[in-house]
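Structural overview
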Amino acid sequence: MDIELKEAEADALEVLELLSNAAARGSDVSNSLELLAEANVEQQPRIGQIDSFEMQKESIEISSDMEILEHSQKSSSSNQKEELPMVAILCHNKPKKAHIAQVVPEDYICTKEDLKIIEYIKSLPNKGTLVEIGDAFIDKIHMECLFHDDMKLNGDVISAYIHCIRDEEHLLHREGGKVFLENTYISSILKRDGAYEISYMADTIASRVNNYLDHDMIFLPINIEESHWYLAVVNSRKREIQVLDSIGTMDRTDLKTTLKGLQRHINLVAQHKELNQHNWKDLEVETWPVIEVFEQPMQTDGASCGVWMINFMEYWTGSWLSDAITQDDIKNFRFKLPAIFWASRLNTRKGYEEWEQTNEEKDSSTDVEIVDVPDGASTPSTTSQHVQSDKSLCIISHGTSPTKRCLPSRGVSPTERLELLDALCSYILLIDHADYLEKEWIRISKPYPISLSLKKLQDILDVNKPMDSDCFNMAIRMFACDEALFMLDYRMHYMDLKFWETIEVERDPRCRAKLDVARLAKLFEQWLDMDYYISDCKNILLPYSFLGHFVLFILDMEARRVFILDPRPIPDWFKAIHPDMYYIHKVHYIASNVKLAMEVANPTWNDDIYVWRREVPIWVPKTKDWNMTGFLVFHFMCEWDGYKITLDCRYEYAEESVFVTLVEVQKE
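About the thresholds
- Residues numbered from 1 in each chain as written.
- Predicted model: local features only at pLDDT ≥ 70, side-chain atom pairs only at ≥ 80, totals over all residues.
- Heavy atoms only, no water.
- Helix = DSSP H or I, 4+ residues; strand = E, 2+ residues; numbered from the N terminus.
- Buried < 20%, exposed > 50% of the residue type's maximum accessible area, 1.4 Å probe, protein only.
- Contact = heavy atoms within 4.5 Å.
- Areas by Shrake-Rupley, 256 points an atom, 1.4 Å probe, with all protein chains shown as cover.
- Pairing = 2+ DSSP bridges.
- Axes fitted to C-alpha atoms, helices over the stretch in contact; angles between N-to-C directions.
- Parallel < 35°, antiparallel > 145°, perpendicular 65-115°, else oblique.
- Nonpolar A, V, L, I, M, F, W, Y, C, P; charged D, E, K, R; others polar.
- Expected span 1.5 Å × (residues − 1).
- Polar contact = N/O pair within 3.5 Å; in protein donor to acceptor, adjacent residues only side chain to side chain.
- Phe/Tyr/Trp six-rings, centres within 6.5 Å; stacked < 30°, edge-to-face > 60°.
- Lys NZ or Arg CZ within 6 Å of the ring centre and 35° of its normal.
- pLDDT = per-residue confidence, 0-100.
- Salt bridge = Lys/Arg side-chain N within 4 Å of Asp/Glu carboxyl O.

1. Overview of the overall build of the protein
A tally of regular secondary structure across the protein gives 21 helices and 18 strands. A total of 668 residues make up the protein; the buried ones form 56% of that total. A separation of at least 24 residues holds for 75% of the contacts in the protein among residues at least 6 apart in sequence. When the accessible surface of the protein is totalled, it reaches about 29300 Å², and 50% of it is carbon and sulfur.

Here is the structure:
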């Protein structure tokens, strides 16, 4: 359902109120809150979109190669770039086409058309999805592994090519029988369910098992802790597990765990319904022998295992490889893959958005000042940029977070506070003095410096602009440091966006600085003047932001669950059955880095968040307005009670208004 805009604006007002209350409570909370009058205003994120390489959007039905070629020939020759990706389609014999007897070395090598496409892809910004094939989404950063022969393939790239193989009907029917090619995500689910007890989910597990039993061979991509890929084939006709590994024989613990998960799925479904197993005479897959197809290594480098594996998936008949392949072929094929993906008729992503975001920290200071009233503040310039401000903000209450339910009213009625807030917000929006807008209004130095200019505070009242990350971080900090949280029956650890900044998740892995684990672990320690340990916390609330889109991940440390609260609906183009799959990469980054941090912050904790059950609650309020997501995620964090978002009693116990806070600060 869509959230009313006024409600989201009220949350923006709530953020402003918290920030201002920070000034009043600064000496009590952190002894580092400062009101300053000198700074440079930050530039706001600029959003743009490339249109010089915009291609016509595909229809829902996928055209044949010949239809695409005919369409390409009919297009105007005035825009050569639009035709470029189309020309390359007929040049690709990979995945192997039905009319090709053998794939030859030349089929792995980039053509001139391929090179043009690849050079164009390399010229694109790092932001934005370039390839969408099935449930695989590849952006520029994920595609970097295809430009460098010393990088291992990631799961998205592998899954995208698996979808391409699936599209070749003749590759689904081989000498060994009917083939099902599983993707990397579901293979990881099987591995997870082999390590932990699972419960029966009729719609998902039963459908998956019945699909497997309708095939003779199940191809499972196996990943060893992000370090190595190999192929496992569940061959029901031969009643054996065939392993195709480019580096030869090795320990198969990951395979055993994955097969255990598959066995659990089969057993669970068999307990609830009769299985159609005419293709499978034996369902005890855990007992089937494991056959190593290659005892000697074929791979001669340290990073091409994923490329070898997808070729094994393409060529394995159940008894042998239909086509010969060498390390040189593998090396050439890696560099050709970007062009294959881009030109594929399965690629439904025909454009992307170019984003630019600046967000720099300012130095801290110990000076404390109250900003003087700027000249002419009461009469804004007619040439100033119009900022939308809905006066109805003043009659919308700010929610009933656990903190607010505990705070006293301090002798000021809710109506009076709302009137004061309205007056202060109107005053802030009227300020049009360039010098004053650029000056810092609030700065806090511990545990790390954040500074806010008056312009930033104006911007969070502008419904056309997203939440500023510094405003968000400071609001979370002041909320998390409120002593009223001690009155709650449960303990939660509130995190800001510093987690993602520390692990540099959006940067090219090759450009990231070495992770400072000690610095990361500091984020899991108690907030200033708050007496608790991370081991005592029932939940860890971890917000995420990218280009103004905020999402909240809640780690339930007791129930071993990950709640994913996204204010925006999952896009229509996302076709996966499980909605949590849309966030799988973020969950992976959370799991791996939280584990590193917890080894320092809480050495007794030994778990893997990646294998926890993930939930995307359907009751989460939704909005189509990208700019409102930051305010809503802040609202979710304030309203989370350990199990759900509380949305009732929104008029009771509003906090101090910004105006009253400023008066108190000036008195001090």
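Moving on from the coordinates now.
2. Things to note about the sheet that holds strand β18 (residues 613-615)
The pairing of strands in a sheet comes from backbone hydrogen bonds and takes either a parallel or an antiparallel form. What the five strands build is an open sheet, ordered β14-β15-β16-β17-β18; its pairing is mixed. The outermost strands of the open sheet, each flanked by one partner alone, are β14 (492-494) and β18. Direction aside, the axes of adjacent strands within the sheet are offset by 20° on average. Looking at chain direction, strand β15 (residues 539-546) and strand β16 (residues 549-556) are connected through eight bridges and run antiparallel. Each residue of the ladder has a partner; that of Asn539, found in β16, is Asp556.

3. A word on the pairing of strand β17 (residues 561-565)
With four of its five residues buried, β17 lies for the most part within the structure. In textbook terms, the turn of a hairpin is the stretch between consecutive antiparallel strands, and for β16 and β17 this stretch comprises four residues, one of which, Arg560, has a positive phi near 55°. Of the strand pairs in this sheet, β17 and β18 are connected by three bridges, and their pairing is parallel. Bridge pairing in β18 places Arg561 opposite Arg613.

4. Quick look at unusual backbone geometry
Glycine aside, residues mostly have negative phi, and peptide bonds are mostly found in the trans state. Pro95 follows Lys94 through a cis peptide bond whose omega is -5°. Along the chain, Pro95 falls in the loop between α3 (80-87) and α4 (112-123). Backbone geometry at Leu547 places phi at a positive 60°, although glycine is not the residue there. Leu547 gets classed as buried once you look at its relative accessible area, which sits at 11%. Notably, Arg560 is not glycine yet its phi reads approximately 55°, a positive angle. As for its placement among the helices and strands, Arg560 is situated in the loop between β16 and β17.

5. Considering the packing of α4 against helix α11 (residues 327-343)
Two measures define how a pair of helices packs: the angle their axes make with one another and the distance between the axes. Two numbers describe how α4 lies on α11: the axes approach to 9 Å, and their chain directions differ by 90°. Comparing the axis directions of α4 and α11 gives the class roughly perpendicular. Packed against α4, whose contacting residues are Asp114, Ile117, Ile118, Tyr120 and Ile121, the element α11 presents Phe335, Lys336, Pro338, Ala339 and Trp342 at the interface. A per-class count over the contact of α4 with α11 returns eight nonpolar, no polar and two charged.

6. Quick look at the sheet that holds strand β5 (residues 173-174)
In space, the six strands of this open sheet follow the order β5-β6-β7-β8-β9-β10, with mixed pairing throughout. Strand pairing shows two members of the sheet lacking a second neighbour, β5 and β10 (290-292), which therefore form its edges. The pairing of strand β9 (residues 240-244) with β10 spans three bridges and is classified as parallel. Looking at β10, one finds that Val243 is bridged to Glu292.

7. Examining helix α7 (residues 184-195)
In this model α7 runs 17 Å from its N-terminal to its C-terminal C-alpha over twelve residues, within 8% of the 16 Å that 1.5 Å per residue would give. Buried residues dominate α7, accounting for ten of its twelve residues. Looking only at α7, the buried set comprises Thr184, Tyr185, Ile186, Ser187, Ser188, Ile189, Leu190, Arg192, Asp193 and Gly194. Taking the backbone nitrogen of Tyr185 as reference, a side-chain oxygen 3.1 Å away marks Asn183 as the first, capping residue of α7.

8. Section: helix α19 (residues 584-601)
Think of an α-helix as turning once every 3.6 residues; residues three or four places apart then point the same way. With 18 residues, α19 ought to run about 26 Å at 1.5 Å a step, and its terminal C-alpha atoms sit 25 Å apart, in line with that. Those residues of α19 lying buried are Ile584, Val587, Ile590, Ala591, Asn593, Val594, Ala597 and Met598.

9. Details of the packing of aromatic side chains
Across all of its chains, the model carries 23 aromatic pairs by this definition. A ring pair is formed by Phe499 and Trp500, whose centres lie 5.2 Å apart and whose planes are at 85°; its orientation type is edge-to-face. Neither residue differs from the other here; Phe499 and Trp500 are each classed as buried. Between Trp500 and Phe553 the ring centres are 6.5 Å apart and the planes differ by 45°, which places this aromatic pair in the tilted class. With Trp500 in helix α17 (residues 498-503) and Phe553 in strand β16, this pair connects stretches of sequence that are 53 residues apart. We note that Trp500, like Phe553, is buried. Each member of the aromatic cluster is reached from another via a ring pair, and the members are Phe137, Phe499, Trp500, Phe524, Tyr544, Phe553, Trp573, Phe574, Tyr582 and Tyr583. The side chain of Arg252 reaches across the aromatic face of Tyr230, ending 4.4 Å from its centre. Seen from the ring of Tyr610, Arg614 lies directly overhead, with NZ or CZ sitting 5.6 Å from the centre.

10. Structural notes on the environment of Asp150
In this fold, Asp150 is placed in the loop between α5 (140-143) and α6 (155-166). A sequence separation of 153 residues divides Asp150 from Ala303, and the C-alpha atoms of the two residues are 5.4 Å apart.

11. Digging into the confidence of the model for the protein
Per-residue confidence for the protein gives a mean pLDDT of 75, with 70% of residues at or over 70. Across residues 22-90 the pLDDT falls below 50, and counting only partners more than four positions away or on other chains, this stretch makes 146 contacts in the model. Here residues 648-668 scores under 50 on pLDDT; set against residues more than four positions off or in separate chains, the count is 62 contacts.

12. Considerations on the pattern of salt bridges
Under the definition given, this model contains 23 salt bridges. Residues Asp114 and Lys336 are paired through a salt bridge, measuring 2.6 Å at the closest nitrogen-oxygen approach. You can see Asp114 sitting in helix α4 and its partner Lys336 sitting in helix α11, a full 222 residues away along the chain. Taking the relative accessible area as the measure of exposure, Asp114 reaches 0% and is therefore buried. Given the relative accessible area of 1%, Lys336 is considered buried. Between Arg192 and Asp193 there is a salt bridge whose closest N-O contact spans 2.9 Å. You'll find Arg192 and Asp193 in the same group, each marked buried. When salt bridges that share partners are traced, they join Asp245, Arg252 and Glu292 into one network.

13. Quick look at the side chain of Asp156
With respect to the secondary-structure elements, Asp156 resides in helix α6. If we ignore the near neighbours within four places in the chain, the residues touching Asp156 are Ala136, Phe137, Ile138, His142 and His585.

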